[in-house]
Amino acid sequence: MSEAMKEVKKGAPKRGVSVYSYSQLLGYCMTLEDCFKDIYDTGATCFELLTSHVENYPNPSPAWVDKYWRLCEKYKLQPAEMGHWAETHLHRGPRLTDDEMLEQLIRDFKLANLLGFTTLRTKITCINEFCDPEPGWEKYIERALPYAEKYNVRMCTEVHRPTTLTMRVIDEYLEFIERTGTKYFGFNIDFGTFQNKPIPNLPDGKFAERDRRYIEEGYYSKPEDILRVLPYTYACHAKFNYMDENFEEQTIPYKEVLDIMINNGWSGFLLSEYEGPKRDDFSYLSDQLRRQHIMLNRILGY
C-alpha cells in the first residue's frame, strides 16, 4: 500500500487551559493554586504559564519551584506551554543585538526545562497590526535552534488575529522550517484566526469596531487553511469569545477546525484562552471555561 493510501490515525489533542485566561485576577484575588484548581475542575489535563506568572522571573526561588511542582502533582496537571517573548526593544535606542537575543532565549529555554515545558509560545517582535516579524528574526532564531534541542523545547511563533494562515508571513516561517529542517521551531495557532462572526453583546467602542472590521474585510482563516501548517503546529490557543447556553462558541467554527485537525492526526496541546468580555469577573470567566470544555469534550469524545 502506498503512503498516500495509508489511513491516517486520528489525533487526540490534549485539553488544557492557559493561565492567561485568569490574568486580570491572578495576583489580585486569585493565587496560582486557585487557577490550577479551577483548571482541574474543567477536566483539563495540562496548562500554559506565561513568564510573567513565574515569581521572580527569570530566577524563581527553589521554594517556589518546589511549590509549583507540588501543585502540578496535586491537581494532576501537565506543563504544556510556556509563553515568553523574544523582545528586541527592551530599552530605548538601538534594538538588542543578536547575541543579546540569543542570551535571552537560552535563559528562557533553561527555565522552561526546569518547569517541565517542552513547548514555548515564542512571541517574536512584530512591526505592525498583522504581526509581521521585525526583519532579521531568522538570524537569532536559527542560532538558538541547537540550544532549543539541548533543552528539549520547541519555539512556536503565534499566528494571531488578524493574521491569517494564507498571508505571506506564514510562507516565510514555512520556508525557514523547510530550509533548516528543524523540529524546534513551529507554530502556535490561535483560534482567533478563524473568527468569522462578531462577538455578541460587545459594548460599542474601538474594540467592537475593530472586531467588526476584521470580519468585514475578510481577515479570518478558513478551517481548511490549517492543513498547510499542521505538521509544524505543536500547540494551539483555543481562543474563545462567547460560549452560549447550548455550549457552542458563537464566533469561531470550532467543530469544523477540530475535525480537520483530528482527522489529520494532530495530537498537540489545545489550550483554552478566554478573551471575551468580563474577564475580571471570576464567576463569569470560570463558567465560560467550563462551557468551552463541555464543547471540547463533545467534539473530542473525552
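The structure this text deals with has already been given above.
I will try to describe carefully the structure that is included in this document. (Residues numbered from 1 in each chain as written. Predicted model: local features only at pLDDT ≥ 70, side-chain atom pairs only at ≥ 80, totals over all residues. Heavy atoms only, no water.)

Quick look at the overall build of the chain now. When you go through the chain residue by residue, the secondary structure sums to eight helices and eight strands. For 302 residues, the compact-globule estimate of 2.2 N^0.38 gives 19 Å, and the C-alpha radius of gyration of the chain, at 19 Å, lies within 12% of that figure. Considering only C-alpha atoms, the chain reaches an extent of 50 × 50 × 50 Å along its principal axes. Counting over 302 residues, the chain shows a buried share of 52%. In the chain, 80% of the contacts between residues at least 6 apart in sequence involve partners at least 24 apart. Approximately 14,400 Å² of the chain is accessible, and the part contributed by carbon and sulfur atoms is 49%. A distance of 3 Å separates the average location of the 38 positive side-chain charges in the chain from that of its 47 negative side-chain charges. (Helix = DSSP H or I, 4+ residues; strand = E, 2+ residues; numbered from the N terminus. Rg over C-alpha atoms; globule rule 2.2 N^0.38 Å. Buried < 20%, exposed > 50% of the residue type's maximum accessible area, 1.4 Å probe, protein only. Contact = heavy atoms within 4.5 Å. Areas by Shrake-Rupley, 256 points an atom, 1.4 Å probe, with all protein chains shown as cover. Lys, Arg positive; Asp, Glu negative; His and termini not counted. Charge placed at Lys NZ, Arg CZ, Asp CG, Glu CD.)

One pass over the full model with this rule turns up 18 aromatic pairs. For the ring pair W137 and F185, a centre distance of 5.8 Å and an interplane angle of 25 degrees mean the geometry is stacked. You can see W137 sitting in helix α4 (residues 137-150) and its partner F185 sitting in strand β6 (residues 185-190), a full 48 residues away along the chain. You'll find W137 and F185 in the same group, each marked buried. Three or more aromatic residues link up through ring pairs in this structure, and these residues are F36, F47, W64, Y68, W69 and F117. Over the ring of F269 we find K14, and its NZ or CZ is 5.5 Å from the ring centre. Its guanidinium or amino end placed over the ring of Y234, R154 lies 4.3 Å from that ring's centre, counting from NZ or CZ. (Phe/Tyr/Trp six-rings, centres within 6.5 Å; stacked < 30°, edge-to-face > 60°. Lys NZ or Arg CZ within 6 Å of the ring centre and 35° of its normal.)

Here the focus is the nonpolar core. Ranked by internal contacts, the top residues of the largest apolar core, which has 82 residues, are F36, F185, F191 and Y254. Setting aside residues up to four positions removed in sequence, F185 forms contacts with I124, W137, I141, L145, M155, T157, Y173, F176, I177 and Y234. In this structure, C46, A80, F269 and L271 belong to the second largest nonpolar core, which totals five residues. (Core = buried A, V, L, I, M, F, W, Y, C linked by side-chain atoms within 4.5 Å.)

Okay, the sheet that holds strand β3 (residues 78-86) next. In spatial order, the strands read β1-β2-β3-β4-β5-β6-β7-β8; together these eight strands close into a barrel with parallel pairing. Shown here is a sheet whose adjacent strand axes are inclined to one another by a mean of 30 degrees, direction ignored. Two elements, strand β4 (residues 119-124) and strand β5 (residues 154-159), share three bridges in a ladder whose sense is parallel. What sits directly across from L120, in β5, is M155. The sheet contacts of α4 involve β3, β4, β5 and β6, and relative to β5 the element is tilted by about 145 degrees. (Pairing = 2+ DSSP bridges. Axes fitted to C-alpha atoms, helices over the stretch in contact; angles between N-to-C directions.)

This part takes up the environment of M30. Looking at where M30 falls in the secondary structure, it is placed in the loop between β1 (14-18) and α1 (32-42). M30 gets classed as buried once you look at its relative accessible area, which sits at 7%. In this structure, the C-alpha to C-alpha distance between M30 and P60, residues 30 residues apart in sequence, is 19 Å. Residues in contact with M30, not counting those within four places in the same chain, are Y22, L25, C35 and F282.

Here the focus is the environment of L25. Along the chain, L25 turns up in the loop between β1 and α1. Sequence-wise, L25 and C35 are 10 residues apart; in three dimensions their C-alpha atoms are separated by 9.3 Å.

What follows concerns empty space enclosed by the protein. On inspection of all chains with the given rule, the structure shows one cavity of 30 Å³ or more. Its boundaries defined by the atoms lining it, the largest cavity holds a volume of some 90 Å³. Lining the largest cavity are T122, K123, I124, C126, C131, T157, E158, V159, T163, V169, I170 and Y173. Mapped onto the lining of the largest cavity, the elements with two or more residues apiece are β4, β5 and α5 (168-180). Across the lining of the largest cavity, the residue classes break down as seven nonpolar, three polar and two charged. (1 Å grid on protein atoms, 1.4 Å probe; cavity = no way out; pocket = protein on both sides within 12 Å on 5 of 7 lines; lining within 4 Å. Points joined across faces, edges and corners; volume = space filled by probe spheres on them. Nonpolar A, V, L, I, M, F, W, Y, C, P; charged D, E, K, R; others polar.)

Right, let's talk about the side chain of T182 for a bit. Its location among the elements puts T182 in the loop between α5 and β6. Within the structure, the side chain of T182 is placed 2.8 Å from the backbone nitrogen of Y184, a separation counted as a polar contact. Residues within four places of T182 in sequence aside, it is in contact with L145 and I177. (Polar contact = N/O pair within 3.5 Å; in protein donor to acceptor, adjacent residues only side chain to side chain.)

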